[in-house]
Amino acid sequence: MPDSPFRFSMIEPDAKAPTLKRLRQLSRLLDNVITIPGTQIGFGLDPILGLIPIGGDFLGIMFSSYIILEAARLGVSRATLSKMVLNVIIDGLVGAVPVLGDFFDFAWRANTNNIKLLEDYLKFPSQQKSADRWFIFGVLVGLLLIAIVLVALPVILVRMLWNALTGG
């Protein structure tokens, strides 16, 4: 196959275990690194990032997108990648809603769900065809656009509110 403008390298079979371990650690850091003492309730950096106005949800989507990119490099199918993307979209869009989204971020664990999807796929990889590079590129561009919208929309809304309040 000739060189294409978009190169997508697959992870070698010997490197799958360390990659999966790294992705599990990232997922735990984002979704469940801190446990409330005396309970089994935990949360991670994702809901904390969501508390940061404007850029927090963007950062959360970028970290989650990395997990999806690595899953694609592991050869995960389109169907599984689509489910993973849906988890991140739900996390990003609902998480962007003021107050409600902050509570939602503590309950919805998109990264943990995505690691489960990845592990389930890796148990039986031959049952589905892996995604092609253009599908993966499209998914990542789509997630980037959603993240940008999550940054731009609050800025636009605050500006409109400010203009309405100040008569400007």
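Residues numbered from 1 in each chain as written. Predicted model: local features only at pLDDT ≥ 70, side-chain atom pairs only at ≥ 80, totals over all residues. Heavy atoms only, no water.

Could you clarify how one ought to interpret the UniProt feature "transmembrane region" (unreviewed entry) in the chain in this entry?
Under the UniProt annotation, "transmembrane region" (unreviewed entry) lies at residues 48-69 and 134-162. A helix fraction of 82% and a strand fraction of 0% characterise residues 48-69, whose end C-alpha atoms lie 23 Å from each other. Across residues 134-162 one finds 100% helix and 0% strand; the C-alpha atoms that close the span lie 42 Å apart. (UniProt positions renumbered as here; feature names shortened; annotations may be inferred. Helix = DSSP H or I, 4+ residues; strand = E, 2+ residues; numbered from the N terminus.)

Before we go on, may I ask you to explain the side chain of serine 77 in this structure?
Following the sequence through the fold, serine 77 ends up in the loop between helix H3 (55-73) and helix H4 (78-95). The class for serine 77 is buried, based on a relative accessible area of 1%. Engagement of the side chain of serine 77 in a polar contact is seen with the side chain of threonine 80, the distance being 3.1 Å. (Buried < 20%, exposed > 50% of the residue type's maximum accessible area, 1.4 Å probe, protein only. Polar contact = N/O pair within 3.5 Å; in protein donor to acceptor, adjacent residues only side chain to side chain.)

Honestly, H3 in this entry has me stumped. Any pointers?
Within an α-helix, residues lying three or four positions from one another point in the same direction, as the helix has 3.6 residues per turn. Taking 1.5 Å of rise per residue, 19 residues should cover 27 Å, and H3 covers 27 Å from first to last C-alpha, within 8% of that figure. The inward-facing, buried residues of H3 abut helix H1 (16-31), helix H2 (45-50), H4, helix H5 (100-107), helix H6 (110-123) and helix H7 (133-166). (Expected span 1.5 Å × (residues − 1). Contact = heavy atoms within 4.5 Å.)

Explain H4 to me, please; I cannot follow it from the model alone.
Taking 1.5 Å as the rise per residue, H4 with 18 residues should run 26 Å; its terminal C-alpha atoms sit 25 Å apart, in good agreement. When H4 is considered as a whole, its buried residues turn out to be Thr80, Leu81, Met84, Val85, Asn87, Val88, Asp91, Gly92 and Gly95. One side of H4 carries all its buried residues, which in axial view fall inside an arc of 150°. Turning to H4, the residues buried within the fold contact H2, H3, H5, H6 and H7. (Arc of directions from axis to C-beta.)

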